[in-house]
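Residue-level structural notes
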Amino acid sequence: MVKFEPSVTLPNGEKMPLLGLGTWQSKPNEVKDAVEYALDLGYRHIDTAFVYGNEEEIGEALKKKIDEGVVKREDVFVTTKLWSTYHQPAKVLEAVNLSLKKLQLKYIDLYLIHNPAGFKFVDEKTLFPKDKDDKTMYDQVDHALIWKELEKAVDQGLVKAIGLSNFNHKQIQHVLDNSRIKPANLQVECHAYFMQKPLYEFCKKNNITFTAYGPLGSPTRWGINPKDPILLEEPQLKEIAKRHNKTPAQVLNRFLIERGRATIPKSVHRERIKENFDILDLKFTPEDLQQLDSLDKNLRYFLFDFIQDSVAYPFADPY
């Protein structure tokens, strides 16, 4: 077993591996096996979220592998996220404790606000509350107030680092301006067609690490526009992969790491999980990197149209 070594150091001194296993869209009964296999293989970064509905299975997989001695708790970096129905300050710590219980952990390594838009809390199972006219029931909370509760979670040792997901630079700045503990990480869509350079540079300047979700262009995402180019079918990408005897997916993940982004490709298929892991020996030439850099089209696949009418919709701004 080879442990994946390349990592980035968070402001709290903890190391976050630059390759993780994403678990979005991973169905029940599949995700447990995927996480167990990934940990056996050497993955040491697991990404989940309350809204994915799979924290319990991931918790079972983690407990099993810790009990077997395959990993120690301190060697696995676990990220999960605060869902929009828990944005009211009084609900934040409740959500943290709920995730801890499901994951069977004493602390979470990285806890992110998943989405800048807040929804009305109905009950634990209602994740996208709608009114009688089928309109989203928003309940917008100042992010600075949510953040104060997350700082308490750090103070109490429930969470080691806190960060944001799907926020634009103005929303991040608002948190920075009203925080005692600065955001450690931003997780957003990022891939060769959408490298998010201005946002990445903004984060770098503010000592915020950067994680790419959808690193392969998320071919199974919801709301696919048939006119959108398919990243994995990109001819230049295939050409580079062939030159190095690698797959296009391996090239994409390695490229993100090369450009300072952590990458969390999702899969429940063993061969894909292994394929995404086997990238350490891939070394790009300057020409390869130039070619890969040239692919950036500023193409966002995830439009988050389900919150487009929210006052906190993040993607109306250029970055």
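This structure is a prediction, so every number in the text was calculated from the model and none was measured.

1. Description of the overall build of the protein
Across its full length, the protein holds ten helices and ten strands. Taken over C-alpha atoms, the radius of gyration comes to 19 Å for the protein, in line with the 20 Å a tight globule of 319 residues would show. Over its C-alpha atoms, taken along the principal directions, the protein stretches across nearly 55 × 45 × 40 Å. Across the protein, every contact between residues at least 6 apart in sequence was considered, and the portion connecting residues at least 24 apart equals 75%. On the protein, the mean spot of the 45 positive side-chain charges and the mean spot of the 46 negative ones are 1 Å from each other.

2. Examining the side chain of Ser-179
Mapped onto the secondary structure, Ser-179 falls in the loop between α5 (169-177) and β8 (185-189). Exposure remark for Ser-179: the relative accessible area of 15% places this residue in the buried category. From its side chain, Ser-179 meets the backbone oxygen of Val-175 in a polar contact 3.0 Å long. The residues contacting Ser-179, other than those within four sequence positions of it, are Trp-147 and Glu-151.

3. A short note on the layout of surface pockets
Taken as a whole, the largest pocket encloses approximately 970 Å³ of empty space. Around the largest pocket, the lining is made up of 42 residues, and of these Trp-24, Gln-25, Ser-218, Thr-220 and Lys-266 lie nearest the centre. Those elements giving two or more residues to the lining of the largest pocket turn out to be α8 (248-258) and α9 (270-277). Residue composition of the lining of the largest pocket, by class: 20 nonpolar, 14 polar and eight charged.

4. Things to note about empty space enclosed by the protein
Taken as a whole and judged by the stated rule, the model has one cavity of 30 Å³ or more. Volume-wise, the largest cavity comes out at about 50 Å³. The wall of the largest cavity is formed by Phe-167, Asn-168, Val-188, Gln-196, Leu-199, Arg-300, Pro-314, Phe-315, Asp-317 and Tyr-319. In the lining of the largest cavity, the residues fall into six nonpolar, two polar and two charged.

5. A short note on helix α3 (residues 89-103)
For α3, which comprises 15 residues, the first-to-last C-alpha distance of 22 Å matches the rise-based estimate of 21 Å (1.5 Å per residue) to within 8%. For α3, every residue scored as buried is listed here: Lys-91, Val-92, Leu-93, Ala-95, Val-96, Leu-98, Ser-99, Leu-100, Lys-102 and Leu-103. On its buried face, α3 is in contact with α2 (55-67), β5 (77-82), β6 (108-113), α4 (143-155) and β7 (159-165). Following α3 by one or two positions, Gln-104 adopts a phi angle in the positive range, close to 55°.

6. Focus on the sheet that holds strand β3 (residues 21-22)
The strand order across the open sheet formed by eight strands is β3-β4-β5-β6-β7-β8-β9-β10, and the pairing between neighbours is parallel. Sheet topology places β3 and β10 (262-263) at the edges, where each strand pairs with a single neighbour. Bridge analysis of strand β9 (residues 209-213) against β10 gives two bridges, and the strand direction is parallel. The residue of β10 that forms the bridge with Ala-212 is Thr-263. Strand contacts of α4: β5, β6 and β7, with the helix running at about 155° to β7, the strand carrying the most contacts.

7. What to know about the packing of aromatic side chains
Scanning the model with the defined rule gives 14 aromatic pairs in all. Between the aromatic rings of Trp-24 and Phe-302, the centroid separation amounts to 5.7 Å while the plane-to-plane angle is 65°, which identifies the pairing as edge-to-face. Remark: Phe-302 occurs in the segment after α10 (286-293) and Trp-24 occurs in the loop between β3 and α1 (31-41); sequence separation between them is 278 residues. When its relative accessible area of 22% is taken as the criterion, Trp-24 is described as partly exposed.

8. A short note on unusual backbone geometry
Of note in the backbone geometry, Gln-104 takes a positive phi value of approximately 55° without being a glycine. For Asp-134, which is not glycine, the phi dihedral falls at a positive 65°. Note on placement: Asp-134 falls in the loop between β6 and α4. Of the residues examined, Asp-134 reaches a relative accessible area of 54% and is grouped as exposed.

9. Points about the nonpolar core
If you look at soluble globular proteins, the nonpolar side chains tend to sit buried side by side. Membership of the largest hydrophobic core comes to 102 residues, with the highest contact counts inside it found for Tyr-111, Val-159, Ile-172 and Leu-186. When residues no more than four places from it in sequence are discounted, the contact partners of Tyr-111 are Thr-80, Lys-81, Leu-82, Ala-95, Val-96, Ser-99, Leu-150, Val-159, Ala-161, Ile-162 and Gly-163.

10. Notes on the pairing of β6
For β6, a buried count of six out of six residues is recorded, marking the element as mostly surrounded by other parts of the structure. In this sheet, β6 lies alongside β5 in parallel orientation, the contact comprising four bridges. Looking at β6, one finds that Thr-79 is bridged to Leu-110. Pairing between β6 and β7: five bridges, direction parallel. In the sheet register, Ile-108 faces β7, and the bridge partner there is Val-159.

Rules and cut-offs
Counting restarts for each chain: residues are numbered from 1 in the order of the written sequence. Per-residue local features are limited, in this predicted model, to residues with pLDDT of at least 70; the limit for side-chain atom pairs, both in listing and counting, is 80 or more; totals at the level of whole chains, interfaces and linings are taken over all residues. Hydrogens and water are ignored here; the side-chain numbers use all heavy atoms of the structure. Strands are runs of DSSP state E lasting at least 2 residues, helices are runs of H or I lasting at least 4, and numbering of each runs from the N terminus. Computation of the radius of gyration draws on C-alpha atoms alone. For the globule rule, the value is 2.2 Å times the number of residues to the power 0.38. Here, residues are in contact when the closest pair of their heavy atoms is within 4.5 Å. Charge assignment: positive for Lys and Arg, negative for Asp and Glu; neither His nor the chain ends contribute. The location of each charge is read from NZ of Lys, CZ of Arg, CG of Asp or CD of Glu. Note on classification: 1.4 Å probe, protein chains only; a residue is buried when its accessible area is under 20% of the maximum for its type, exposed when over 50%, partly exposed between these limits. Under the rule applied, a polar contact is a pair of N or O atoms within 3.5 Å (in protein, one hydrogen donor and one hydrogen acceptor; residues adjacent in sequence only if both atoms are side-chain atoms). Cavity means a closed set of points on a 1 Å grid over the protein atoms alone, one where a 1.4 Å probe fits but cannot get out, pocket means an open set with protein on both sides within 12 Å along at least 5 of 7 lines, and lining means a residue has an atom within 4 Å of a point. Grid points are joined across faces, edges and corners, and a volume is the space filled by probe spheres set on the points. As a working rule, the residues Ala, Val, Leu, Ile, Met, Phe, Trp, Tyr, Cys and Pro are called nonpolar, Asp, Glu, Lys and Arg charged, and the rest polar, with Gly in that last group. Multiplying 1.5 Å by the residue count of a helix minus one yields the expected span of that helix. When DSSP finds two or more bridges between a pair of strands, those strands are recorded as paired. Every axis corresponds to a line fitted to the C-alpha atoms, with the helix fit spanning only the stretch in contact, and the corresponding angles, defined between N-to-C directions, vary from 0 to 180 degrees. Planes of paired rings set the category: under 30 degrees apart is stacked, over 60 is edge-to-face and the rest tilted, where pairs are Phe, Tyr or Trp rings (Trp by its six-membered ring) whose centres lie within 6.5 Å. Buried Ala, Val, Leu, Ile, Met, Phe, Trp, Tyr and Cys residues that are joined via side-chain atoms within 4.5 Å together make up what is termed a nonpolar core.

It is worth stressing that arrangement in space is one thing and function is another; only the former is reported here.
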